[in-house]
Amino acid sequence: MFALDIQGMGKSFKGKKRQVVEALQGLNLSIEQGEVFGFLGPNGAGKSTTIKCLMGLIKPTYGTATIMGEPIGSVASRMKVGFLPENPAFYDYLSAEEYLLFVGGIFKMSTALLARRTEEMLKLLELWDARKRPMRGYSKGMVQRVGLAQVLLHDPDLYILDEPMSGLDPLGRALVKNIIIDLKKRGKSVFFSTHITDDVEKVCDRVGVINKGQLLALDSVDHILQQGIEGYVVNITTVAGLREESFVTKSDLQIFIQRAISNQCLIEKIQPRRKDMEAFFLEIVAR
Amino acid sequence: MKYNKFLIPPHLLCLSGLLLYCLLIGPFTSYMRNKPIEEKLGYVPSIKLLKPLSADQKELTAASLVFKVMMYFGGLVSKAEQGTLIEQQPDLQGMSRLLHNAVRLDPYNMDAYYFAQGFLTWDARQFKVANDLLDYGMKYRDWDWQLPYFAGFNHAFFLKEYAKAAEYYKRAGELSGYDMYKSLAGRYLQESGQTELAIGYLHGMLRNANNQAVRQNYQTRLKAFQEVLRIEQARDQFKAERGGLPGSVEQLLQQGYLKPVPVDPYGGRFYLEPSGKVATTSKFAFATKNK
Amino acid sequence: MFAIIQITLKGIFRDRVFQGIMVLAVLFLFIPSAASLSMRQVTELSITLSLSLISFILLLLSVFLGATSLWKDMERRYTFSVVSLPISRSSYLLGRFFGLALFIVLTSVILGAAGCLVIKICSGIYPPDRPVVWGYLVLAIGFATLKYILLVGVALLLSTVSTSFFLPVFGTICAFLASGVTQQVYEYVNSPIALQVVSPFFKPTVTLLYYLLPNLAGFDLNVNAIYSIAPDQSGLLLTVVYFVAYTAILMGGATLIFGHREMK
């Protein structure tokens, strides 16, 4: 069973002047259990539309999808997932603690478990001191952390995060990254959307690139990085003690090294030079 | 979608609601229609509360009060016309209270004066109240000839205060620019001219009535007075020829002074009082149960 | 759904609008002195003023809190985080409705108690001609409560249709104003006198509106409470059934529309 299985899902809206806007066109995508998947695309590419369809906020025009085997839009499907909306907003008259207790109640958590998990999450996300204050007075970063706490609270197997790192300071981004890496270690599946390639490179197993409602590329991060190697920068010290840096193409590397050894040069550093995720992304989107 | 076990699906909820509504709306409507009249006129907060509450919409509030009374009165008249007995005495006091409130909110509201004049005099016989109201209105509507005209009529017809009546008629004449009202005053300001005075007044009121309920009310009354006038003329002819009062309306009929049998539109029977005055058993009002 | 009810109640009690409106309840303190202005019917006037004040506060609460509760959720994007939780949209909406209804009931109980106290004081100082029948008073407050719960239903239905704040708030106010006169207008239009004046197009329109709009005149038992007149029992029963049917239609329609609504 896939953690997330999207079969030919599409969504069209009626835009201005009654023209039909195809926000999403026949998306096919399956996420394995235990996989961290980055959904990459520029603004307005259809990332949020996909996620809103998955969470039952909007209905797909055609196609189907399942979450942990449950059809999307059902209460059961939402039971099995932790969802963080883009720029989340929560009832600002409640405190973080009250909100988590409310969410836990909806997830039908037992009172004892809920109390324990709430405390854990508030401490993990450094909200413990502010837990009794209404969220009205929270900073954007704090609200985002409440969102993360809410996502992690019931410990689901699948996490769907819409732009979890947008608008956060470096500290906040690091926190989110660490949480995702931790989830991966625990064998959880994560599906998150972003327009920042760096995030994907650091934490994802696989990445999908979407633009104008179409999935343009789908590959593992390792493979993309592997493919992107253009050559190597090699630093050597010659017998005369001169330091040299040369660029060697992939195919020439073997010969270069052999020649260097035979010339009694000292190879100090070999560093692959490659197109990074950003270049890959720009290339695909520009296509 | 899966639903909570406490919930019924929305379309089922909607359908069962609709079904219940359809079953119910008939009896509910008839219950509302047959609600006792006093309850229907409702309770309107006292003017002390109403005035500040209506803020800058005093005219609107006043108009809605008058509208309420007219609707109520319209319902009463239609019931009477249909021949059904009115279940209770019309709540004249309530109507009067509402109209008084209306003119205190908006002293220029002519509907209220016009309407109050209609029922306060003939039906409620509260001449003092009616005249006070008219005097109050005259202070504001100082261009309006109708208010002094009404007041003149009340003084002449009901109170028999001819001097006062002449004063009001004079004012009405000045305001309207016609001498008609002055001459009218001169002609009818005496006991014998009462019926014609009323007929003239009712004709005038009818000309201005655009509310059907009010119109009907005046028409009925006018018809009654026209019949009274016929009997009076027959009586006077009898008196001139025979030198004495006739004993009864029947006598006038038998001896050919009165041609078609007079019909009281209120459902009563005309008779002659010992003084010779024409009266009717209906007292110029529709029968009510409680009477 | 109970979680939503709880959240709704918390939300209302912490809402500035609610706190502002409840300040009006201070006016109860002035009722005894205001009522003593009346020469002949002090107790009656105190009942009138109390009932009017309760009605007025309930009206404001049901219009402003009822019509803004959904709108605020959507406007401030709370719906994204709540509707994506494992809860059906109908539970969410009905939770909101029952929360608001419960709140209206609580408020009218509290205000009703305050009103009864005020009336008790007034009738103690100036004994009325007809003794106050407390049962009728409770009945009048109870039916007023039902009336405003129904109005909350109207407000919720309108807010499922619209994305703006105006339709729910002004629509509810219009429905309230219209509902007070539909009965009179309907009767007038169907009376024989009206036949000649009313255009043939007008009559079916009024009849349609009469059946479509809520008829809140039936819930008005103020006269019965003020003058201690016994209300008609079968009529009361009909009114209650009317309330149940009309509310069911409102909430059924609202959940249907809300269920299909796209949260963009």
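Note that the structure is predicted; figures quoted are calculated from it, not measured. (Residues numbered from 1 in each chain as written. Chains lettered and ligands numbered in written order. Predicted model: local features only at pLDDT ≥ 70, side-chain atom pairs only at ≥ 80, totals over all residues. Heavy atoms only, no water.)

Brief notes about the overall build of chain C
The number of helices and strands found in chain C is twelve helices and zero strands. Reading the secondary structure of chain C in the N-to-C direction produces α-α-α-α-α-α-α-α-α-α-α-α. Expected size for 264 residues packed as a compact globule is a radius of gyration near 18 Å; at 20 Å, chain C falls within 12% of this value. By its C-alpha atoms, chain C is 60 × 55 × 30 Å across when sized along the principal axes. (Helix = DSSP H or I, 4+ residues; strand = E, 2+ residues; numbered from the N terminus. Rg over C-alpha atoms; globule rule 2.2 N^0.38 Å.)

Brief notes about the pairing of strand 4 (residues 62-67) of chain A
Residue and element names in this part refer to chain A. With five bridges connecting them, strand 1 (residues 4-14) and strand 4 associate as antiparallel partners. Across the sheet, Gly10 pairs through a bridge with Tyr62, a residue of strand 4. Relative to strand 5 (residues 70-71), strand 4 runs antiparallel, the two sharing two bridges. Within strand 5, the residue paired with Ile67 across the bridge is Glu70. (Pairing = 2+ DSSP bridges.)

Observations concerning the side chain of B:Asn109
As for its position among the elements, B:Asn109 is in the loop between helix 5 (92-105) and helix 6 (110-122). Setting aside residues up to four positions removed in sequence, B:Asn109 forms contacts with B:Ala62, B:Ala63, B:Val66 and B:Val103. (Contact = heavy atoms within 4.5 Å.)

A short note on the sheet that holds strand 5 of chain A
Residue and element names in this part refer to chain A. The four strands lie next to each other as 2-1-4-5, forming an open sheet whose pairing is antiparallel. Every other strand in the sheet has two partners, leaving strand 2 (20-31) and strand 5 as the edge strands with one partner each. Against the sheet, helix 1 (residues 47-54) makes contact with strand 1, strand 2 and strand 4, and its axis sits at roughly 115 degrees relative to strand 1, the strand it touches most. (Axes fitted to C-alpha atoms, helices over the stretch in contact; angles between N-to-C directions.)

Digging into the confidence of the model for chain C
Do not read the predicted coordinates in detail wherever pLDDT is low. This prediction gives chain C a mean pLDDT of 85; 95% of its residues lie at or above 70. Reported confidences for the modelled complex are a pTM of 0.74 and an ipTM of 0.85. (pLDDT = per-residue confidence, 0-100.)

Focus: the pattern of salt bridges
Residues and elements named next belong to chain A. The final tally for this structure, using the stated rule, is 27 salt bridges over all chains. Notably, a salt bridge pairs Lys80 with Glu70, separated by 3.3 Å at the nearest N-O pair. Remark: Glu70 occurs in strand 5 and Lys80 occurs in the loop between helix 2 (75-79) and strand 6 (81-84); sequence separation between them is ten residues. Residue classification places Glu70 among the partly exposed positions, given a relative accessible area of 24%. Through salt bridges with shared partners, a single network forms among Asp155, Asp157, Asp182, Arg186 and Lys188. (Salt bridge = Lys/Arg side-chain N within 4 Å of Asp/Glu carboxyl O. Buried < 20%, exposed > 50% of the residue type's maximum accessible area, 1.4 Å probe, protein only.)

With respect to the environment of A:Leu40
All names here are of chain A. Inspection of the secondary structure assignment puts Leu40 in strand 3 (residues 36-40). For Leu40, a relative accessible area of 0% corresponds to the buried category. For the pair Leu40 and Val200, spaced 160 residues apart in sequence, the C-alpha separation works out to 7.9 Å. With residues up to four places along the chain from it excluded, the contact list for Leu40 reads Lys47, Thr194, His195, Ile196, Thr197, Val200, Val207, Gly208, Val209, Ile210 and Phe281.

Observations concerning the nonpolar core
Residues A:Leu54, A:Tyr91, A:Phe102, A:Ile160 and A:Phe191 are the most contacted members of the largest nonpolar core, which totals 174 residues. Counting 54 residues, the second-largest nonpolar core is a separate cluster that includes B:Leu105, B:Leu120, B:Ala165 and B:Ala172. (Core = buried A, V, L, I, M, F, W, Y, C linked by side-chain atoms within 4.5 Å.)

Some details on the domain arrangement of chain A
In terms of domain boundaries, chain A breaks down into domain 1 (4-225) and domain 2 (230-275). Computed from C-alpha atoms alone, the centre-to-centre distance between domain 1 of chain A and domain 2 of chain A is 45 Å. (Domains from an automatic or database assignment.)

With respect to the packing of helix 3 (residues 96-106) of chain A against helix 4 (residues 111-124) of chain A
All names here are of chain A. Look at helix 3 against helix 4: their axes get within 10 Å of each other, and the N-to-C directions meet at 135 degrees. As the angle between them shows, helix 3 and helix 4 are arranged oblique. Crossing hand, helix 3 versus helix 4: right-handed. Here Ala96, Glu97, Leu100, Leu101, Gly104 and Gly105 of helix 3 come into contact with helix 4, specifically with Leu114, Thr118, Met121 and Leu122. (Parallel < 35°, antiparallel > 145°, perpendicular 65-115°, else oblique. Left-handed = near helix turned anticlockwise from the far one by under 90°.)

Details of the pairing of strand 7 (residues 158-162) of chain A
Residue and element names in this part refer to chain A. With five of its five residues buried, strand 7 lies for the most part within the structure. In this structure, strand 6 lies alongside strand 7, joined through four bridges in parallel fashion. Across the sheet, Gly82 pairs through a bridge with Tyr159, a residue of strand 7. Examined bridge by bridge, strand 7 and strand 8 (residues 189-194) share five bridges and lie parallel to one another. Its bridge partner lying in strand 8, Ile160 is registered against Phe191.

A word on the environment of B:Arg125
Residues and elements named next belong to chain B. Position of Arg125 relative to the elements: it lies in the loop between helix 6 and helix 7 (127-140). For Arg125 and Phe158, which are 33 residues apart along the polypeptide, the C-alpha to C-alpha distance reads 8.6 Å. Ignoring anything within four residues of it in the chain, the contact list for Arg125 reads Leu120 and Phe158.

Quick notes on a nonpolar patch on the surface
Residues and elements named next belong to chain C. A cluster of nonpolar side chains, namely Val23, Val26, Leu27, Leu29 and Phe30, defines an oily patch on the protein surface of about 500 Å² accessible area. Relative to the helices and strands, Leu29 resides in the loop between helix 2 (16-22) and helix 3 (31-35). For Leu29, a relative accessible area of 66% puts it in the exposed group. (Patch = residues over 30% accessible without salt bridge, like charges linked within 9 Å, V, L, I, M, F, W, Y side chains within 5 Å. Areas by Shrake-Rupley, 256 points an atom, 1.4 Å probe, with all protein chains shown as cover.)

Description of the packing of aromatic side chains
All names here are of chain B. Here the structure, examined in full by the defined rule, presents 44 aromatic pairs over all chains. When the ring of Tyr108 is compared with that of Trp143, the centres are 6.2 Å apart and the planes differ by 10 degrees; the resulting orientation is stacked. Here the residue Tyr108 occupies a position in the loop between helix 5 and helix 6, and Trp143 occupies one in the loop between helix 7 and helix 8 (146-158), the gap between them amounting to 35 residues. The exposure class of Tyr108 is partly exposed, given its relative accessible area of 40%. What makes Trp143 partly exposed here is its relative accessible area of 48%. By way of ring pairs, the aromatic residues Tyr114, Phe127, Trp145, Tyr149, Phe150, Phe153, Phe157, Phe158, Tyr169, Tyr201, Tyr218 and Phe225 are connected into one cluster. (Phe/Tyr/Trp six-rings, centres within 6.5 Å; stacked < 30°, edge-to-face > 60°.)

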